[in-house]
Amino acid sequence: MAAFYDLAAFYQVRPSSSSPSRPFSRPFPSSLACRATASPSSTVVLPAGDVEALPPERTAVRLGLPSKGRMADETLSLLKNCQLSVRQVNPRQYIADIPQLSNLEVWFQRPKDIVRKLRSGDLDIGIVGFDTVSEYGEGNEDLIIVHEALEYGACRLSLAIPKYGIFENINSLHELAEMPQWTKERPLRIVTGFSYLGPKFLKERGLEHVSFSTADGALEAAPAMGIADAIVDLVSSGTTLRENDLKEIEGGVVLESQAVLVASRRSLNTRQGVLEITHEILERLEAHLRATGQVTVVANMRGNSAEEVAERILSQTSLSGLQGPTISPVYCKRDGKIVVEYYAIVICVPQKALYKSVKQLRSIGGSGVLVSDLTYIFEEETPRWRKLLSQLGL
Ligand SMILES: Nc1ncnc2c1ncn2[C@@H]1O[C@H](COP(=O)(O)OP(=O)(O)OP(=O)(O)O)[C@@H](O)[C@H]1O
Ligand SMILES: O=P(O)(O)OC[C@H]1O[C@H](OP(=O)(O)OP(=O)(O)O)[C@H](O)[C@@H]1O
Ligand SMILES: [Mg+2]
């Protein structure tokens, strides 16, 4: 049975027992603190002798990952592609680990709970949609987006209205706002699961006479049911809107979203190991994502010197590679003498530009072209890491 702790009583039994120099010391888990303040009537005073029964201060770093839903599988496969496979004993066990990262606990949680637990200090790092961070983070400055584009879970939070009836000729937020129908007594009724972002957006856009209601799913049915005039919901392919005779309007996108790596500023600043683990995860994610869609092209090219070959390659727009081509001499024996007639060149090119690059290579004398997938590109410096350190004042 859950025990509820009274805040004031707690401070009486342990006035300031945690040493101020201890990193991230909290008198007790904030999840308990929330319950104590939320239900003062059901509080139980913790007897002095029971202080030892409190959970011990945790030392492991905690990463929250989506436990279910459309983000779950892709998050695990992204981590796997970064050689950070999550080891989970069975799918219903909510704790797991990543063998490569010692002192890290992985906790599977609903996306919104990941954000809540980052705020409360019960998680340190998480991967969720940017929409979820924005909605449940409510602008809290403790949440820092460490990587803003993990390249999956793409969608947008958007306002949509019916295509028919009084909305037939309404195609922008401005036109919607100007409709004479909305009054104090009969406001524009919007249903949304985003009860922080939805009202904030419409207030910022200056819409008067708006009322909000919430629902958890299948919001697209609300206008046809007569429950609402408009919805604010996630859209990716647009199929659900189309199938329910709804349309997006100009100026109606609240935010664009995709999966992000998010961390608690407090944890990064004070909990031992969080910054190091975040750095490693960030580096691996960046190296993997940078390599996605790139291929390595190796070819031989006849030439008199490496410089002369370089000049020919750099004259072609699709062959400059990441930092210019790597060119090495190919040694062979002619009449007992070691000579260099060919040079091997290595470049990275985007997969999309591959055929164009191969054609350009051939046109300047390239032969024996080998193409292979790239797994990682580790740059000397990761700009996101620099940014994070500066956000932390480090
Ligand atoms: N078409 C989409 N609709 C909803 N979410 C999407 C879509 N495309 C990508 N996403 C991302 O997936 C996340 C939601 O996933 P999902 O609907 O599985 O979980 P949830 O809504 O948080 O959970 P539940 O619906 O069970 O409460 C969103 O927060 C968003 O970041
Ligand atoms: O633009 P689309 O590709 O059609 O996707 C958008 C739909 O997907 C989501 O619903 P979900 O599948 O999560 O069901 P739910 O309404 O029960 O949450 C979202 O709430 C939209 O309804
Ligand atoms: Mg959903």
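Note that the structure is predicted; figures quoted are calculated from it, not measured. Per-chain numbering applies: the sequence of each chain, read as written, is numbered from 1 onward. Whichever chain is written first becomes A and whichever ligand is written first becomes 1, with later ones labelled in order. Per-residue local features of the predicted model are confined to residues with pLDDT of at least 70, and side-chain atom pairs are confined, for both listing and counting, to 80 or more; whole-chain, interface and lining totals are unaffected and use all residues. With hydrogens and water excluded, all non-hydrogen atoms of the structure serve as input to the side-chain values.

**Here's the deal with helix 13 (residues 354–363)**
As a reminder, the rule being used: Between buried and exposed lies partly exposed: a residue is buried under 20% and exposed over 50% of the maximum accessible area for its type, with that area taken using a 1.4 Å probe on protein chains only. Secondary structure is summarised from DSSP: a helix means a run of H or I of at least four residues, a strand means a run of E of at least two, and numbering begins at the N terminus for each. For this quantity, the arc is that covered by the directions from the helix axis to the C-beta atoms. We call two residues in contact when some of their heavy atoms are within 4.5 Å.
Turning to helix 13, its buried residues are Leu 354, Ser 357, Val 358, Gln 360 and Leu 361. Within helix 13, the buried residues cover an arc of 165° as seen down the axis, which keeps them to one side. Relative to its buried face, helix 13 has exposed residues pointing more than 90 degrees away, namely Tyr 355, Arg 362 and Ser 363. Structurally, helix 13 contributes buried residues whose contacts are with strand 12 (294–302), strand 14 (337–350) and strand 15 (366–373).

**Some words on the side chain of Thr 192**
Applied cut-off: Polar contact is defined as a pair of N or O atoms within 3.5 Å, subject to the rule that within protein one atom must be able to donate a hydrogen and the other to accept it, and that residues adjacent in sequence are counted only when both atoms are side-chain atoms.
By the element assignment, Thr 192 lies in strand 7 (residues 188–192). Among the polar contacts made by the side chain of Thr 192, one reaches the main-chain carbonyl oxygen of Val 232 at a distance of 2.7 Å. Excluding residues that lie within four positions of it along the chain, Thr 192 makes contacts with Phe 212, Ser 213, Thr 214, Ala 215, Leu 219 and Val 232.

**Some points on the site of ligand 1**
Short version of the rule: Consider each residue's heavy atoms; a residue with any of them within 4 Å of a molecule or strand counts as near. For accessible areas, the Shrake-Rupley method is used with a probe of radius 1.4 Å. Any residue's cover is judged against the shown protein chains and nothing else. Only protein atoms enter the 1 Å grid used here, on which a cavity is any set of points holding a 1.4 Å probe that cannot leave and a pocket is any open set flanked by protein within 12 Å on both sides along at least five of seven lines; residues with an atom within 4 Å of a point are listed as lining. A molecule is counted as occupying a cavity or pocket when more than half of its atoms fall within 2 Å of that pocket's grid points. Think of it as three bins: nonpolar holds Ala, Val, Leu, Ile, Met, Phe, Trp, Tyr, Cys and Pro, charged holds Asp, Glu, Lys and Arg, and polar takes everything else, Gly as well.
Close to ligand 1 lie 14 residues; Lys 68, Gly 69, Arg 70, Asp 131 and Ser 236 are nearest. Between ligand 1 and the protein, one listed contact pairs an oxygen atom with a backbone N or O atom of Arg 70 at 2.9 Å. A distance of 2.6 Å is found between an oxygen atom of ligand 1 and a side-chain nitrogen or oxygen belonging to Asp 131. Within the complex, 73% of the 600 Å² of free accessible area of ligand 1 lies under protein. A molecule is said to occupy a pocket when more than half its atoms come within 2 Å of that pocket's grid points, and by this definition ligand 1 occupies the largest pocket. Grouping the amino acids of the shell around ligand 1 by side-chain chemistry returns five nonpolar, five polar and four charged.

**Points about the sheet that holds strand 10 (residues 246–257)**
Hydrogen bonds between backbone atoms are what pair the strands of a sheet, whose relative direction is either parallel or antiparallel. Note the threshold: If DSSP finds at least two bridges between two strands, the strands pair. Orientation is described by axes fitted as lines to C-alpha atoms, over the contacting stretch for helices, and by angles from 0 to 180 degrees between their N-to-C directions.
Taken in spatial order, the five strands of this open sheet run 8-7-9-6-10, and their pairing is mixed. Of all the strands in the sheet, just strand 8 (210–214) and strand 10 have a single pairing partner and so form its edges. For this sheet the average axis-to-axis angle between neighbouring strands, irrespective of direction, equals 25°. Bridge count between strand 6 (residues 155–162) and strand 9 (residues 230–235): five bridges; the pairing is antiparallel. Among the inter-strand pairings, Ala 160 is bridged to a residue of strand 9, identified as Ile 231. On top of the sheet, helix 7 (residues 197–204) reaches strand 6, strand 7, strand 8 and strand 10; it is set at about 110° to strand 10, its chief contact.

**A look at the layout of surface pockets**
So the rule is basically this: Grid points are joined across faces, edges and corners, and a volume is the space filled by probe spheres set on the points.
Reported here for the largest pocket is a volume of approximately 1,100 Å³. Taken together, 34 residues form the lining of the largest pocket, with Arg 70, Asp 131, Phe 194, Asp 233 and Leu 234 sitting closest to its centre. When residues of the lining of the largest pocket are traced back to their parent elements, those giving at least two are helix 4 (111–120), helix 5 (130–137), strand 9 and helix 9 (239–243). When the residues that make up the lining of the largest pocket are grouped by side-chain class, the tally is twelve nonpolar, 14 polar and eight charged.

**Focus: the domain arrangement of the protein**
To be explicit about the condition: Domain extents, as shown, originate in an automatic or database domain assignment.
Under the domain assignment, the protein is made up of domain 1 (7–153 + 259–289), domain 2 (164–254) and domain 3 (294–373). Spacing between the C-alpha centres of domain 2 and domain 3 amounts to 56 Å.

**Some remarks on the pairing of strand 14**
Note: strand 12 against strand 14, nine bridges, orientation antiparallel. By the bridge assignment, Val 298 is partnered in strand 14 with Val 346. Note that strand 13 (residues 326–334) and strand 14 share nine bridges and pair antiparallel. Its bridge partner lying in strand 14, Ser 328 is registered against Ala 344. Where strand 13 folds back onto strand 14 in an antiparallel hairpin, the turn is made up of two residues, including Asp 335, whose phi is positive at roughly 50°.

**As for the packing of helix 11 (residues 274–291) against helix 14 (residues 383–391)**
We apply this condition: We call two directions roughly parallel when the angle between them is under 35 degrees, roughly antiparallel when it is over 145, roughly perpendicular when it lies between 65 and 115, and oblique otherwise.
Axis separation between helix 11 and helix 14 bottoms out at 9 Å; the angle between their running directions is 150°. Looking at the two axes, helix 11 sits roughly antiparallel to helix 14. Every residue of helix 14 that contacts helix 11 at Leu 275, Thr 278, His 279, Leu 282, Glu 286 and Arg 290 is listed here: Pro 383, Arg 384, Trp 385, Leu 388 and Leu 389. The class makeup of the residues in the contact of helix 11 with helix 14 is six nonpolar, two polar and three charged.

**Here's the deal with the pattern of salt bridges**
Any two side chains of opposite charge can pair if their charged atoms end up close together. Defined as follows: Salt-bridge detection follows one rule: a side-chain nitrogen of Lys or Arg within 4 Å of a carboxyl oxygen of Asp or Glu.
Per the stated rule, a full pass over the model turns up 16 salt bridges. Ionic pairing is found between Glu 105 and Arg 62, a salt bridge with its closest N-O pair at 3.0 Å. Here the residue Glu 105 occupies a position in strand 3 (residues 104–109), and Arg 62 occupies one in strand 1 (residues 61–66), the gap between them amounting to 43 residues. Looking at Glu 105, the relative accessible area reads 21%, which means it is partly exposed.

**Structural notes on the packing of aromatic side chains**
Let me state the cut-off plainly: Between 30 and 60 degrees the pair is tilted, below 30 it is stacked and above 60 it is edge-to-face, where a pair is any two Phe, Tyr or Trp rings, Trp via its six-membered ring, whose centres lie within 6.5 Å.
Evaluated as defined, the whole model comprises two aromatic pairs. An angle of 20° between the planes, with centres 6.1 Å apart, marks the rings of Phe 167 and Trp 182 as stacked. Residue Phe 167 is located in the loop between strand 6 and helix 6 (173–177), and its partner Trp 182 is located in the loop between helix 6 and strand 7; the two are separated by 15 residues in the primary sequence.

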